[in-house]
Amino acid sequence: MSILSSVLVLGSLGLIFGAVLAYASKKFAVDIDPRVEGILRVLPGANCGGCGFPGCGGLANAIVEGKAPINACPVGGADCSSKIGDIMGIVAEEGERNVAKIICKGSCTSAKDKYEYEGIQDCRSANVLNSGQKSCKYGCLGLGTCKYYCKFDAISIVDGLAIIDEKKCVMCGKCMEVCPKGIIVKKSENQEIIVECNSKDFGKIVKEKCSVGCIGCGLCSKACKFEAIEFENKIAKINYDKCVQCMVCVEKCPTKVIKGNLENRKKVIIDEDICIGCTICKKQCKFDAIEGELKEKHRIDAGKCVGCRLCLQKCPKKAIKIV
């Protein structure tokens, strides 16, 4: 009888507590906007935090509340933004894609070490010991902490230097957070020209430590006809609001620390059937690459053209085209 009584008491308590919980779940239920659930199904579920919110759930709520744009997810890309736009009833605008970039070229081949490091293979741990094994205290230690934290397999270590695959990078920002040197920066995928050095030492010291560092010679700044290069903390800095990607700085840099593929230069030609010989393009060209007098058909000297495209922007007849 005692066992039966215990079973009845426990069963009754279970029914009572179950009824109370059922009532509470309805009484204190929080209504979830169906759009939040829809957006969560669309988001990739990486929970990387690259959007600036705590995971995909935080971003979904922020989008519905109007606190985040529909293209805030760096992982999902344009397709994800389009689907979220359909849910929110908004047309998705495709923004400029950003990627992470390591501003250092100091590999084991080009940069000297001040001692042999045999400790934990973690850049943060190595950095505690006299700023790491590299002679340049501003450079990449190449122990792979950024690679370990990258969920998208976008980082590899080559010859003691971290390299980011821009096609795989989603700009989640994890690598930037864990780098003890602060040498991983955000840049536009379309902005090819960048100074791949973070040293703040004088040129003579840089040359002693690394063969591919910025020595502050100023040749790039003098060569730039658009005043797009300035010097800050003894290192060249590119003002991307002024830079037209003509790559003259890439040609002039003696240590080749300014990255830019000269084969990607997009030069222009003039359609002589359309050209009226107004000379506007010739006046705009800073490189004397346009030939022809007033009311004559103009021509581009391909050897002098650097692809700045100022002439293309000013031509009133749209006779200049990119090749």
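(A) Main features of the packing of helix α2 (residues 34-42) against helix α3 (residues 55-64). Look at α2 against α3: their axes get within 9 Å of each other, and the N-to-C directions meet at 135 degrees. Between α2 and α3, the crossing angle belongs to the class labelled oblique. The interaxial crossing formed by α2 with α3 has right-handed handedness. On α3, the residues that touch Arg 35, Val 36, Ile 39 and Leu 40 of α2 are Cys 56, Gly 57, Ala 60, Asn 61, Ile 63 and Val 64. Of the residues that constitute the contact of α2 with α3, the class distribution is 7 nonpolar, 2 polar and 1 charged.

(B) A look at the pairing of strand β2 (residues 155-158). Pairing analysis gives 4 bridges linking β2 to strand β3 (residues 161-164), with the strands arranged antiparallel. Following the sheet pairing, Ile 157 is matched in β3 by Ala 162. In this structure, the hairpin formed by β2 and β3 is closed by a connection of 2 residues, where Asp 159 is found at a positive phi of approximately 55 degrees.

(C) Quick look at the packing of α2 against helix α4 (residues 77-88). Direction vectors running N to C along α2 and α4 enclose 165 degrees, while the axes themselves pass 10 Å from each other. Viewed along their axes, α2 and α4 adopt a mutual orientation that is roughly antiparallel. Crossing of α2 against α4: the hand is right-handed. Each of Arg 35, Gly 38, Ile 39 and Val 42 in α2 lies in contact with α4, whose residues at this interface are Cys 80, Lys 83, Ile 84, Ile 87 and Met 88. Its residues assigned to classes, the contact of α2 with α4 comprises 6 nonpolar, 1 polar and 2 charged.

(D) Seen up close, the side chain of Asp 122. Considering the arrangement of structural elements, one finds Asp 122 in the loop between β1 (98-102) and α5 (123-128). Looking at Asp 122, the relative accessible area reads 14%, which means it is buried. Of the polar contacts made by the side chain of Asp 122, one reaches the backbone nitrogen of Arg 124; its length is 3.0 Å. Within the local environment of Asp 122, its side chain forms a polar contact with the side chain of Thr 145, the two groups lying 3.0 Å apart. The contact partners of Asp 122, leaving out residues within four places of it in the chain, are Tyr 117, Leu 143 and Thr 145.

(E) Looking closely at the nonpolar core. Grouped together as the largest cluster of nonpolar side chains are 40 residues, with contacts concentrated most on Ile 193, Val 195, Phe 226, Cys 246, Ile 258, Phe 287 and Cys 308. The set of elements that each furnish at least two residues to this core consists of α9 (219-223), β7 (235-238), α10 (248-252), β9 (268-270) and α12 (310-314). Those residues in contact with Ile 193 that lie beyond four places of it in its chain are Ile 238, Tyr 240, Cys 243, Gln 245, Cys 246, Met 247, Cys 249, Val 250, Ile 258 and Lys 259. Counting residues in each nonpolar core, the second largest holds 20 residues, with Cys 104, Ile 155, Cys 175 and Ile 184 among its members.

(F) Expanded view of α2. Turning to α2, its buried residues number three or more, namely Val 36, Gly 38 and Ile 39. The buried residues of α2 all sit within an arc of 165 degrees when viewed along its axis, so they share a single face. Exposed side of α2, more than 90 degrees from the buried face: Pro 34 and Arg 41 are the residues found there. For α2, the secondary structure elements touched by its buried residues are α3 and α4. The N-cap of α2, judged by a side-chain oxygen 2.8 Å from the amide nitrogen of Arg 35 a few residues on, is Asp 33.

(G) Focus on the packing of aromatic side chains. Evaluation of the coordinates by the stated rule reveals 2 aromatic pairs. Between Tyr 148 and Tyr 149, the ring centres sit 5.3 Å apart and the planes meet at 85 degrees, which makes this aromatic pair edge-to-face. Overall, the relative accessible area of 66% leaves Tyr 148 in the exposed class. Arranged with centres 6.2 Å apart and planes meeting at 45 degrees, the rings of Phe 226 and Phe 287 form a pair that is tilted. Of this pair, Phe 226 sits in the loop between α9 and β6 (229-232) while Phe 287 is found in the loop between α11 (280-284) and β10 (290-291), placing the two residues 61 residues apart along the sequence. By the burial criterion, Phe 226 is buried, and Phe 287 matches it. Sitting above the plane of the Phe 202 ring, Lys 234 keeps its charged end 4.7 Å from the centroid.

Rules of the game
Residues numbered from 1 in each chain as written. Predicted model: local features only at pLDDT ≥ 70, side-chain atom pairs only at ≥ 80, totals over all residues. Heavy atoms only, no water. Axes fitted to C-alpha atoms, helices over the stretch in contact; angles between N-to-C directions. Helix = DSSP H or I, 4+ residues; strand = E, 2+ residues; numbered from the N terminus. Parallel < 35°, antiparallel > 145°, perpendicular 65-115°, else oblique. Left-handed = near helix turned anticlockwise from the far one by under 90°. Contact = heavy atoms within 4.5 Å. Nonpolar A, V, L, I, M, F, W, Y, C, P; charged D, E, K, R; others polar. Pairing = 2+ DSSP bridges. Buried < 20%, exposed > 50% of the residue type's maximum accessible area, 1.4 Å probe, protein only. Polar contact = N/O pair within 3.5 Å; in protein donor to acceptor, adjacent residues only side chain to side chain. Core = buried A, V, L, I, M, F, W, Y, C linked by side-chain atoms within 4.5 Å. Arc of directions from axis to C-beta. Phe/Tyr/Trp six-rings, centres within 6.5 Å; stacked < 30°, edge-to-face > 60°. Lys NZ or Arg CZ within 6 Å of the ring centre and 35° of its normal.

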